[in-house]
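Chain residues, written in single-letter form:
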Amino acid sequence: METRGSSSDSVASSGTSLSEEDVKEEQTRKGGALSGLKSGWKKLGLDIPTVLLMMKGGLAPTIAVSIYQTEAISSEYTTVGYLVAIISILGFAIMPRAKFIQMLVLDILFVCLAAAVALLMIYSSVKARDHTSSNSSSVYNSSASAVCGVWLFFQIYVVHSYRAKYPQFQFPVVMYSIFASVSTSFGTEITTMAAGVVFVTKVLKAFLLGLALSAAVSFIVLPNTTRKVVFGQMAGYIGGLRAALKTQAVYFESLEQNDMFGRAETYDETVEKIGKKGKVWSPEAAAVRAAVRNITDLHGKLHGDLTFAKREVAYGRLGPDDLQNTFRHLRRVMIPVLGLSFVVDVFQRLSDINLWNSPAYEGPVQRRTGEMREQAVHEWNAIMRSVHEPFDAVIRLIDEGLQHISYAMTFAKPPKKPAPGNGSSAEADNPDIEASAVSTAPGDPGFAAYFEEKLEEFKEAKLIALRTWCEDRGFRIPADFFDHPSSVSPESFTSTSWFSDGSRSSLFLFLYMEQLLYSTGQVVLDFVRFADDRAASGKLSKKHLIIPGSKRLKKWVRSTFLVEDSHEDDNIGDVHTQSNILQLGEAYRHRKDPEHLPPVTRFQRIGDKIRFIPAFLRSPESAYGFRVACATMTIAIVALLHDTQAFFIKQRLLWAMIMVVLSMSPTSGQSLFSFVLRVLGTTIAMVCSLLVWYIPDEKTPGVIIFLFIFVSIGFYIPIKMFRFRVIGMISIVTTTMIIGYELQVRKIGEQVATSNGQPYYPIYLLAPYRLAAVTGGVAVGFIWTFFPYPISEHSVLRQSLGASLYLLANYYSIIHETVAARMRGDEGDMTLKSSAGRKLEKARNKVFSKQMLMLNGLRTYSGFLKWEVPIGGRFPKKQYDSIILSVENIANYLSLVGYASDTLMRLGNDDENSNSAWVNDFKKLIAHANVTSHQITSLLCLLSASITNRQPLPPYLKTPKPYAFTKRLQELDKDILNLSHIAEPGFAAFAVLQISTRCIVGDMERLLRDVKTLVGELDFSFHAVSTADAYSSRNTSVSGAGPLHPSERDKLD
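Owing to the predicted nature of the structure, the values given are computational and were not obtained by experimental measurement.

A. Summary view of the packing of aromatic side chains. With the rule as written, the count across this model stands at 27 aromatic pairs. Plain terms: the ring middles of Phe-92 and Phe-715 are 6.3 Å apart, the flat faces sit at 50° to each other, and that makes the pair tilted. On the criterion of sequence distance, the pair formed by Phe-92 in the loop between α4 (82-90) and α5 (97-132) and Phe-715 in the loop between α27 (700-714) and α28 (716-720) is long-range, its members being 623 residues apart. We note that Phe-92, like Phe-715, is buried. Each ring, one from Phe-347 and one from Trp-380, has its centre 5.2 Å from the other, and the planes form 85°; the classification is edge-to-face. Of this pair, Phe-347 sits in helix α11 (residues 320-353) while Trp-380 sits in helix α12 (residues 370-386); the two residues are 33 residues apart in sequence, bridging distant segments of the chain. On the basis of relative accessible area, Trp-380 is assigned to the buried category, the value being 4%. Of the aromatic side chains, those joined through ring pairs into one cluster are Phe-110, Tyr-162, Tyr-166, Phe-169 and Tyr-176. Across from the ring centre of Phe-308, 5.5 Å away, lies the NZ or CZ of Arg-311, which sits over that ring.

Right under this line is the structure:
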């Protein structure tokens, strides 16, 4: 027995060992699956706030369906009860409070207006019926139907033209259109005015109840204020700045060993690596560009949301002025951080100028040898190694400063400090000296003084690097040279090596990096002081009631009915739509009439007012309203004819009309991709409705619960994927419509449900019918988007790109005036809002934020074009992306120009160590230099007009030559840029100005070349054959001659 037992134990033990191995393998497999699940979950962005917001979105329609199960509600609303749930969805309770209140007021206003016009339409219809029909019992009357059709066309045309003119009325106009469609569909059958009043009243109550449920959910359930959104964006802004600085530190470290003139390694060292998205950058450079792109995108969003946050009544800490000042400090930090990221771009430009990344070829132009590239790489490796410690220290210091700001402004919670008195008596007798430095940690009162002290120490780093740079070029300077530069005669630094382009460019680029790092530290120090001042004032320690002033509230009311910028929350959204509709000023929209002089007499003024009517009728807004009206009437005509009126009611074609309104947008073009997505969304909604109905075994409580789950899941698309918002809304509305109708019939009975002429269908028949009706409406909207002429997604992108170029011209003009005012000393007191400098700053910030929003939309828009099926030739996406990149670069470099000019004008005011005589002479010379040129403004306007209107460019158009700062200043004073002054702070600021202006001109050349490729160029030269044939023959001859140098290709072009 023992032997048998021992053998069994051994078998068991061996079995156990095998099972343990199997368990380990199983755990490893599960761990991999779990990590993949976590990665997928992270990509979806389903954090707790997002899930709660999704549930909040699904709550209003669920409540609407639930309360309909009570006798009081069902007896009141009977056959229109499901409309309550639909309107509660369109109320969009997930919007922040300030935006929701504005939208709610406009929704109520438009719904009440729609009810009034519906009563007028029914009155006209009843009167037409009375005057043309002798048989009062007849339901159909052609005159009544014609009157209703005319009223419907007129209403849809007017409100949608208004919608295109005023983007903030997107949702209210949709509400109005649904009300008008419902009242018209059933208004043709109303024979008495009393019945019409009862019907309109019932529909009006259903709409108002749906809006009331949406308002209750918005205000009570997880209330979300715009201020909370703004605070989250500000915290993300600071986090983005910190991330950008960390990636910049990694990039600087890579410059100590790597080749900074190439993007990514390839098999052939002379050829750049090209990917699907263009040229491939090194991992460090790509991380820098991605981090900065995130900051600029967030900057534009924060600018738009800040307007509503300042108008909001709240119980909090910071008031509207504090929010504005915080945003101003964030922007001041952003500009030098952006400038630091351009080091990647500058190295690439140096490589392009020297043709270091171009394929080898035999040509007449001599190129730089590989030894010169290796020498430049070696020099930069040595420079970056010499400044590794100070650069890394100042970046960590700035990061700590931003962390301190987050703690002081309550954007983040500081770490808990150890409680005093917990240490032993021995520790109390022998205090740790290093522990006393804890008071200078981020979040502590002594941090600002510590930050300022460490920032001054960074100045020594520049002297170390400059000494290294001089010694590498054979300049032996005394130990006390930077303290007493006058001890060495200027003639000692007249070596030709200093005046060579390579030496000067490397010095300027290093001073560019050092100046922007130091400037970043300075603006962060100002931000730290501001945050400490807010904390010392007590505003951040306790909450109080914040009520915006009467002036701000009046401005809010006035702006509601003016043409202003719209933002994502104002739009229904689409795959190919401009999510942020930006107003570019009166000069962009209103043109001077070349056929009429300004009116002088009263009769001329009256005639001028009359001319507004044809001007409106031929406007793009009128064209859009006419398209929507025609698309709506394409379906509504079925309800207006005798033979098809019953078919319209029975088959519920009303919802096809409503889908026309939902699917057509003023800023979206026709797109086969978006049409397929809408049909797919409707199909998914049909499947979801069947699941919602049959999973709980058709039990009403279970159906309501599953409806809440599916609608909440559906709100993921409007929340996380704005471009697909309209698709998500169609899916949510369709699911709610099907389930709401079925529960409505179950509550009021089939007899009452069919009293309006619509037969009852079980859900397995109703769902496909709804799918067919919704798909038909989406198809009609799709057809009328490109008939009689197409509004393609490509034309929308082109017009948006033209608008972006116009914004860039506006921004350049403002920068030009800002620099000129600073040179003249006309800025005035910047603390006064009425000063010229303050007004220019406000305009500059506003246009820059608009440009960032526009560029973000253009990049997203361009990214979706890869899903389109082209008809004809391919879309020139490469040229469009290149133009977008050039516009972004020019806008960012212009910000640096404004920033550097401000630094130059402030020299000598607060810097005790600077050479005051040199600073004063330098400021006088810079004041006479043309930092900016009106020629670039004119060229940008011309490019914008050519892109927008598809007009060829005039011949022989050239970009302005870069302003030769160095040459002009040396002509005025040959010693002003002598090497003995390289330690002056003005010299570094001048380097930033020099590099920025040269890069702007380089991007202008690329911009002109790309626009010329798209729109062409007028050709007045004489040709024996057609220009097209000559061009093709010229290309043929060129292609047969072998590869050409880029400059030779430019000459041919």
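B. Representation of a nonpolar patch on the surface in the model. A cluster of nonpolar side chains, namely Ile-606, Ile-610, Ile-613, Phe-616 and Leu-617, defines an oily patch on the protein surface of about 500 Å² accessible area. If you list the elements that add at least two residues to the nonpolar patch, you get α21 (602-610) and α22 (612-617). Per element, the largest residue contribution to the nonpolar patch is 3 residues, and it comes from α22. Mapping Phe-616 onto the fold places it in helix α22. A relative accessible area of 39% means that Phe-616 is categorised as partly exposed.

C. Representation of the packing of helix α25 (residues 654-663) against helix α31 (residues 763-786) within the structure. One can describe the packing of α25 onto α31 by two numbers: an axis separation of 7 Å at closest approach and a directional angle of 45°. The orientation of α25 relative to α31 falls into the category oblique. In this structure, the crossing between α25 and α31 has a hand that is right-handed. The residues of α31 that touch α25, namely those facing Trp-655, Ala-656, Met-659, Val-660 and Ser-663, are Arg-770, Ala-773, Val-774, Gly-777, Val-778, Val-780 and Gly-781.

D. Quick peek at the pattern of salt bridges. Within this structure, the stated rule accounts for 23 salt bridges. Put simply, Asp-322 and Arg-534 hold a salt bridge, and the shortest N to O gap is 3.0 Å. Within this pair, whereas Asp-322 is found in helix α11, its partner Arg-534 is found in helix α18 (residues 501-536), the two being separated by 212 residues in sequence. Residue Asp-322 is classed as buried on the basis of its relative accessible area of 4%. Of the residues examined, Arg-534 reaches a relative accessible area of 15% and is grouped as buried. Between Arg-1006 and Asp-1003 there is a salt bridge whose closest N-O contact spans 2.9 Å. In this pair, Arg-1006 and Asp-1003 both sit in helix α38 (residues 985-1015), 3 residues apart, roughly one turn of the helix.

Cut-offs and rules
Residues numbered from 1 in each chain as written. Predicted model: local features only at pLDDT ≥ 70, side-chain atom pairs only at ≥ 80, totals over all residues. Heavy atoms only, no water. Phe/Tyr/Trp six-rings, centres within 6.5 Å; stacked < 30°, edge-to-face > 60°. Helix = DSSP H or I, 4+ residues; strand = E, 2+ residues; numbered from the N terminus. Buried < 20%, exposed > 50% of the residue type's maximum accessible area, 1.4 Å probe, protein only. Lys NZ or Arg CZ within 6 Å of the ring centre and 35° of its normal. Patch = residues over 30% accessible without salt bridge, like charges linked within 9 Å, V, L, I, M, F, W, Y side chains within 5 Å. Areas by Shrake-Rupley, 256 points an atom, 1.4 Å probe, with all protein chains shown as cover. Salt bridge = Lys/Arg side-chain N within 4 Å of Asp/Glu carboxyl O. Axes fitted to C-alpha atoms, helices over the stretch in contact; angles between N-to-C directions. Parallel < 35°, antiparallel > 145°, perpendicular 65-115°, else oblique. Left-handed = near helix turned anticlockwise from the far one by under 90°. Contact = heavy atoms within 4.5 Å.

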